[in-house]
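# Structural overview
Single-letter residue listing:
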Amino acid sequence: MNIDLEAPYLPLVGKRLRQESSRDDRIKLGLMAVIGLYLVVALGAPLFIMLSKSLSTYRFDLAAFEFQVSDETGTNWGPVVAADALNQKLGVVTDEELVSSSDGRLAATKFFPDFSFRSPVHYRIRGTTADAAFLAGPTLEKGTEWRDYDSGTFRRVVLRPASSLGLENFKTYFSTPALARSIYNSVLMAAISTVVTISVAFALAYGLTRSCMPLKGLFRGILTIPILVPSLLPGIALVYLFGNQGVFKDWLMGYSIYGPIGIVIGSVFFTLPHAFLIILTALSIADARHYEAATSLKASKWRTFTTVTVPGARFGIVSAAFVVFTLVITDFGLPKVIGGQYSMLAVDIYKQVIGQQNFEMGAVVSVILLVPAILAFAVDRRMQKRQVALLSARAVPYAPKPNAGMDRICFGFACLVSLFILGMIAMCQIAALVKFWPYDLTLTTKNFAFDLMDGGGWAAYGNSIKLALLTALFGSLVVFAGAYMVEKTDGFRFGRSLFHFLAMMPMAVPGMVLGLAYIFFFNNPANPLNSIYGTMAILVICTVTHFYTVAHLTALTALKQMDPEFESVASSLKQPFHRLFFRVTVPVCLPAILNIAIYLFVNAMTTVSAVVFLYSTDTKLASVAVLNMDDAGDIAPAAAMGMMIFYTNVAAKLVHALIARGLLARTQAWR
Amino acid sequence: MRHAMSIEPTPVSNARGAEEAHTPSPYLEITDLWKSYGDFVALRDISLTIAKGEFICFLGPSGCGKTTLLRAIAGLDLQTHGTILQGNRNISTLPASRRDYGIVFQSYALFPNLTIEQNIAFGLENTGRPKPEIASRVAELLAMVGLSAQGKKYPAQLSGGQQQRIALARAIAISPGLLLLDEPLSALDAKVRVHLRHEIKALQRKLGVTTIMVTHDQEEALAMADRIVVMNHGVIEQVGSPTEIYRHPRTLFVADFIGETNQFPGKVLPDGQIEIGHSAFCCATEGFAADDIVTAVVRPVDIIPHGADAHAVNAVDRPATPQNLIDAEVREMEFLGMFWRTRLTAPRLGERSLVADFSVNAVRRLSIETGAVIQVEIPRERLLLFPRGA
Ligand SMILES: Nc1ncnc2c1ncn2[C@@H]1O[C@H](COP(=O)(O)OP(=O)(O)O)[C@@H](O)[C@H]1O
Ligand SMILES: [Mg+2]
């Protein structure tokens, strides 16, 4: 090569070339804007509003109000006095009482101890600032104009707090030991559950990939069962097994199942499938050549295990650990049922919002709960990137050799865990079918008479199915179209990475946080979308958003496997991209789309955390009914409703398998 | 950029001039085209004119920018700078869908869920053509690529070579003015490759479609192209017909990339000679000054064997007295089917050995064998000089 120094340099005069946009480009840009807007409205904006709420403090500013009182004639006015001057003199409102919430109200009559609503005395009130607000009955008054009231009306005048931005709420939070304690509790529970779950999951995955134990397929099926039930259900099962009337109560040697013990056992139950599947994948890609090398070096079994097996799966293990940690720390259903007095962050949000109507404090707990979830998520993303690099090496799959002793141990362990899972489900099933466990075991269907109970009845079950179907339909549509935009369009690089970022975010946002953020955002009369508050629509949007990330990644993986030149071929043949999309992209990705749909369906059936803030009397849900019936002490009906969810999900899985087989046989003949 | 001078510069430019004179209007004109990825310049100052109906090969080592140039022509990756005219229409910034070309990718990018027929029909549908017309066009195309019986199958059921032909049929279905092929044969095994070379070339002749094919295989380019564009590191090294490129490489890179070379460091002497090792050789030294440092190149096939006594034997074959005769000892011989490849050492050439290809006939006639000392001629006009950087 001989490029001289005089070689011409790129003529950089001014104008950069820009490709003329085609109709396709404009349609794609429009679509991307629509779906991007969806994510902003359904995720970005609500979270932002919530963050700002957590920083908003409300406090009565007494210096901002002035009064004047007349004599008996109602026309001769006395001197003007400020509310804080009156308070200094009388001491009627303490400093603590001045701290308020967005809903705070302070009666004006408090400052007039000798007030009588039948007297002819008139009262005047005005603000000293334009923002000072008070209510006279239902009407909101603001500003520095004097307003006159007779004593009958003045009785109904209340002052409104002034809002300001600051870290006051966080200070209050951390100085309230009962609240701050939850951080410790939540982290502790999550950590213990993670260690236990990962150990069990690893042992199981090891047995399934490295031994020749029988019935592997069956165990694999049993291990995915917990995904099909709400996390409330293991709580209910534990109540029946180890609760006050529990048959195995004695096993706990005096400890109560209500609290940490129950939380850990239940968490292991519902997080096990997630950890198991991740570690199983990590172990199945192991390279047989490493094992051959270890054998030829005469490494002992234990050395092979510690130097080959564990390091090979370490990214999978770490990834699974983060998933479990996040699931436990953000879960609400289980600690609500079995947690007893043991306070956890996710339950605190519920208590603050539903119990005490303290939305600001709910927002504070939410922000605190976001921290570990986002941290876990960020670390996990980095791990995943490195695992991919590991995967791309061409590996020879490992085939285990029979080893009677080892195989027996693995089989025994898998049986034990399966017994645990099936036992919990069976317990709920029995409880749902008998009159009064464990004293009266006559069979009955009365526990399924949901309409006789609070919680929403069979209508709630119907709503849940409607929600799950709509979520599956609408969700697969939005998610797949969104993933297509991210993966298969060129240009708009900034828009695409922003979009991808938004799509990855829901993974790190706990359901409770999302639900609360929705209250703040949608339950605001100033929001044009306010009308969907309390409808099925908001439940669908919330659920799709809540489970967006996994679905997005599934779609992305499927799209990445398609030849990147399909789009180029289509445009060289002058075909619009949507023709390619519907004739090639969608049919080829159909298996992935069906997987997304069933994933969304199952999760919409079982989810409690986000929707518990958003349902209305018309849109009660089965999973929420489980929670509410359990709360009301109707534990057997709660178990029955939980089982209904389980049956529905099993049925949905079967239908999915049938459709997948039937439809794919027809549309995927080419495979 | 400064080009190395070939030893016979005049015939080259004459041939080119003549060619351009009788080819009509240029069909594709690329002017001053650049493409950079951040700081990395993938294409540098590319200018190229292609006539209607020509078969052009972009040839160069992997990573030299061939695909980038092809994609710029297709509108799939916009160039950073430069204009492209196709049939006098400025297409520089048009989106791919508004340009006029068909393309075949290395991966073929056949739609896996559509049958062969549906794949070929993909570009024909949606254009207002009646169904029967589309069906007959598809049948015609299938016959053209010799796969009439396979229409109902799916791509995965066909062999690589068959898939390649389907991709070609799909690309030409819309009768594009320009056909772009990106390494269309590189995924196939050698036998199918040679066979398909001929098929593609025959099809191109029949349709008369202007074609650009990207390849890194010089043999493929020499066999198929009307003109070859040799590229290296994002620049065009030389444009010319296969024989021109082979006979008169304008740079050392081209000489080395196309065909094989023996290279010797040398120095230009006065009166039409150069010094290699410690001896002088006759050579065309136009364009060089005395004492210029050069690389002298001779191809193995150009070396003429003369047995023990050159003057006696070759007086019949060659009228002129052989120049540049050297004594060489045969060190190794390798039979390659069509010819013998030999490695020679010659004291006059210094340390370096000389690779020479001798015909089977010559080896027999001159009793060339390992260990024999023979005379070989490095023909004056086949000894090429290229300037060597300081
Ligand atoms: N999208 C891209 N970003 C950065 N560099 C690229 C990109 N595409 C190609 N290149 C670089 O441009 C050079 C030319 O690539 P290409 O045209 O594909 O070569 P080839 O001649 O093998 O077809 C290579 O060095 C490649 O690394
Ligand atoms: Mg290439």
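Conventions used here
Residues numbered from 1 in each chain as written. Chains lettered and ligands numbered in written order. Predicted model: local features only at pLDDT ≥ 70, side-chain atom pairs only at ≥ 80, totals over all residues. Heavy atoms only, no water. UniProt positions renumbered as here; feature names shortened; annotations may be inferred. Helix = DSSP H or I, 4+ residues; strand = E, 2+ residues; numbered from the N terminus. Contact = heavy atoms within 4.5 Å. Areas by Shrake-Rupley, 256 points an atom, 1.4 Å probe, with all protein chains shown as cover. Axes fitted to C-alpha atoms, helices over the stretch in contact; angles between N-to-C directions. Parallel < 35°, antiparallel > 145°, perpendicular 65-115°, else oblique. Nonpolar A, V, L, I, M, F, W, Y, C, P; charged D, E, K, R; others polar. Phe/Tyr/Trp six-rings, centres within 6.5 Å; stacked < 30°, edge-to-face > 60°. Buried < 20%, exposed > 50% of the residue type's maximum accessible area, 1.4 Å probe, protein only. Left-handed = near helix turned anticlockwise from the far one by under 90°. Near = heavy atom within 4 Å. Polar contact = N/O pair within 3.5 Å; in protein donor to acceptor, adjacent residues only side chain to side chain. Buried area = accessible area lost by both parts, 1.4 Å probe. Salt bridge = Lys/Arg side-chain N within 4 Å of Asp/Glu carboxyl O. Pairing = 2+ DSSP bridges. pLDDT = per-residue confidence, 0-100.

Chain B is annotated in an unreviewed UniProt entry as Putative 2-aminoethylphosphonate ABC transporter ATP-binding protein of Shinella kummerowiae. Annotation of chain B in UniProt includes, under Sequence similarities (unreviewed entry), the sentence "Belongs to the ABC transporter superfamily."

As annotated in an unreviewed UniProt entry, chain A carries the name Putative 2-aminoethylphosphonate ABC transporter permease subunit and comes from Shinella kummerowiae. Under Subcellular location (unreviewed entry), UniProt gives the following word-for-word description of chain A: "Cell membrane". The heading Sequence similarities (unreviewed entry) in the UniProt record of chain A holds the text "Belongs to the binding-protein-dependent transport system permease family."

So, about the overall build of chain B. The secondary structure content of chain B amounts to 11 helices and 20 strands. If you take every contact in chain B between residues at least 6 apart in sequence, the share linking residues at least 24 apart comes to 67%. For chain B, the exposed surface amounts to about 16700 Å²; the carbon and sulfur share of it is 52%.

Let's shift gears to the packing of helix α1 (residues 23–54) of chain A against helix α20 (residues 536–546) of chain A. All names here are of chain A. Contact pair α1 / α20: the axes reach a minimum separation of 10 Å and the direction vectors enclose 95°. Taken together, α1 and α20 sit at an angle that is classed as roughly perpendicular. Two secondary-structure elements touch here, α1 through Tyr38, Ala42 and Leu43 and α20 through Ile541, Val544 and Thr545. Tallied by class, the residues present in the contact of α1 with α20 amount to 5 nonpolar, 1 polar and no charged.

As a further point, take the packing of aromatic side chains. Residue and element names in this part refer to chain A. Throughout the structure, instances matching the rule amount to 31 aromatic pairs over all chains. Ring plane angle 65° and centroid distance 5.8 Å describe the contact between Phe112 and Phe154, whose orientation is recorded as edge-to-face. Within this pair, whereas Phe112 is found in the loop between β5 (106–107) and β6 (122–127), its partner Phe154 is found in helix α4 (residues 151–154), the two being separated by 42 residues in sequence. This pair shows no difference in class: Phe112 is buried, exactly as Phe154 is.

With that settled, consider the UniProt feature "domain: ABC transporter" (unreviewed entry) in chain B. In the UniProt entry, the feature "domain: ABC transporter" (unreviewed entry) is given for residues 28–258 of chain B. Helix makes up 34% of residues 28–258 of chain B and strand makes up 26%, while its end C-alpha atoms are separated by 25 Å.

Our next topic: the packing of helix α17 (residues 457–488) of chain A against α20 of chain A. If you want to describe how two helices pack, look at the angle between their axes and the distance between the axes. All names here are of chain A. It is at 9 Å that the axes of α17 and α20 come closest, and there the two elements cross at 55°. Between α17 and α20, the interaxial angle falls into the category oblique. Every pair of crossing elements has a handedness; the one defined by α17 and α20 is right-handed. Contact with α17, carried on its side by Asn463, Lys466, Leu467, Leu470, Thr471, Phe474 and Gly475, involves Met536, Leu539, Val540, Thr543 and Val544 of α20 and no other residues of that element. Residues of the contact of α17 with α20, tallied by class, amount to 7 nonpolar, 4 polar and 1 charged.

Residue and element names in this part refer to chain B. Taken together, Tyr37, Phe40, Ala42, Ser62, Gly63, Cys64, Gly65, Lys66, Thr67 and Thr68 form the complete shell of residues around ligand 1. Measuring from an oxygen atom of ligand 1, one finds a backbone N or O atom of Lys66 at 2.9 Å. In this structure, Thr68 approaches ligand 1 through a side-chain N or O atom, which is 2.4 Å from an oxygen atom. Its free accessible area being 560 Å², ligand 1 has 58% of it covered by the protein chains. Residue contributions to the shell around ligand 1 peak at 3 residues, all from helix α2 (residues 66–74). Residues belonging to the shell around ligand 1 are distributed by class as follows: 4 nonpolar, 5 polar and 1 charged.

Each partner contributes to the interface: chain B provides 45 residues, whereas chain A provides 34 residues. Both sides of the chain B and chain A interface together cover about 3900 Å² of buried area, and 61% of this is carbon and sulfur. Inspection of the chain B/chain A interface yields 4 salt bridges. For Arg71 of chain B, the salt bridge is made with Glu565 of chain A, and the minimal N-O distance between the two is 3.3 Å. There are 15 residue pairs in polar contact (both at pLDDT 80 or more) connecting chain B and chain A. In terms of residue count, strand β1 (residues 26–37) of chain B provides more of the side of chain B that touches chain A than any other element does, 3 residues in total. A breakdown of the residues in the side of chain B that touches chain A according to their chemical character gives 20 nonpolar, 15 polar and 10 charged.

Working definition: the strands of a sheet are paired by backbone hydrogen bonds and lie parallel or antiparallel to each other. Residues and elements named next belong to chain B. Pairing within the open sheet is antiparallel, and its 5 strands lie in the order β15-β19-β16-β17-β18. Strand pairing shows two members of the sheet lacking a second neighbour, β15 (304–305) and β18 (353–359), which therefore form its edges. As paired elements, β15 and strand β19 (residues 373–377) share 2 bridges and run antiparallel to each other. What sits directly across from Pro305, in β19, is Val376.

Moving on to the confidence of the model for chain A. All names here are of chain A. Per-residue pLDDT for chain A averages 85, and the proportion of residues at 70 or more is 92%. The weakest mean pLDDT in chain A belongs to helix α10 (residues 288–296) at 66; the strongest belongs to α20 at 94. Across residues 1–7, where pLDDT falls below 50, the model places 6 contacts with residues more than four positions away in sequence or in other chains. Overall, residues 389–395 carries pLDDT values under 50, and its contacts beyond four positions in sequence, including any with other chains, amount to 8 contacts.

Residue and element names in this part refer to chain B. One non-glycine residue, Tyr108, adopts positive backbone phi at about 70°. Secondary-structure assignment places Tyr108 in the loop between β6 (102–104) and α3 (116–121). Using a relative accessible area of 6% as the deciding quantity, one classes Tyr108 as buried. The backbone of Asp271 shows a phi angle near 50°, a positive value even though the residue is not glycine. Relative to the helices and strands, Asp271 is located in the loop between β11 (262–269) and β12 (273–276). According to the relative accessible area criterion, Asp271 is exposed, its value standing at 66%.

So, on to the pairing of strand β2 (residues 40–51) of chain B. Residue and element names in this part refer to chain B. Strand direction decides the pairing type here: β1 and β2, joined by 8 bridges, are antiparallel. Residue Leu33 lies in a different strand from β2, and its bridge partner there is Ile46. Where β1 hands over to β2, the hairpin turn is made up of 2 residues, of which Gly38 adopts a positive phi near 60°.

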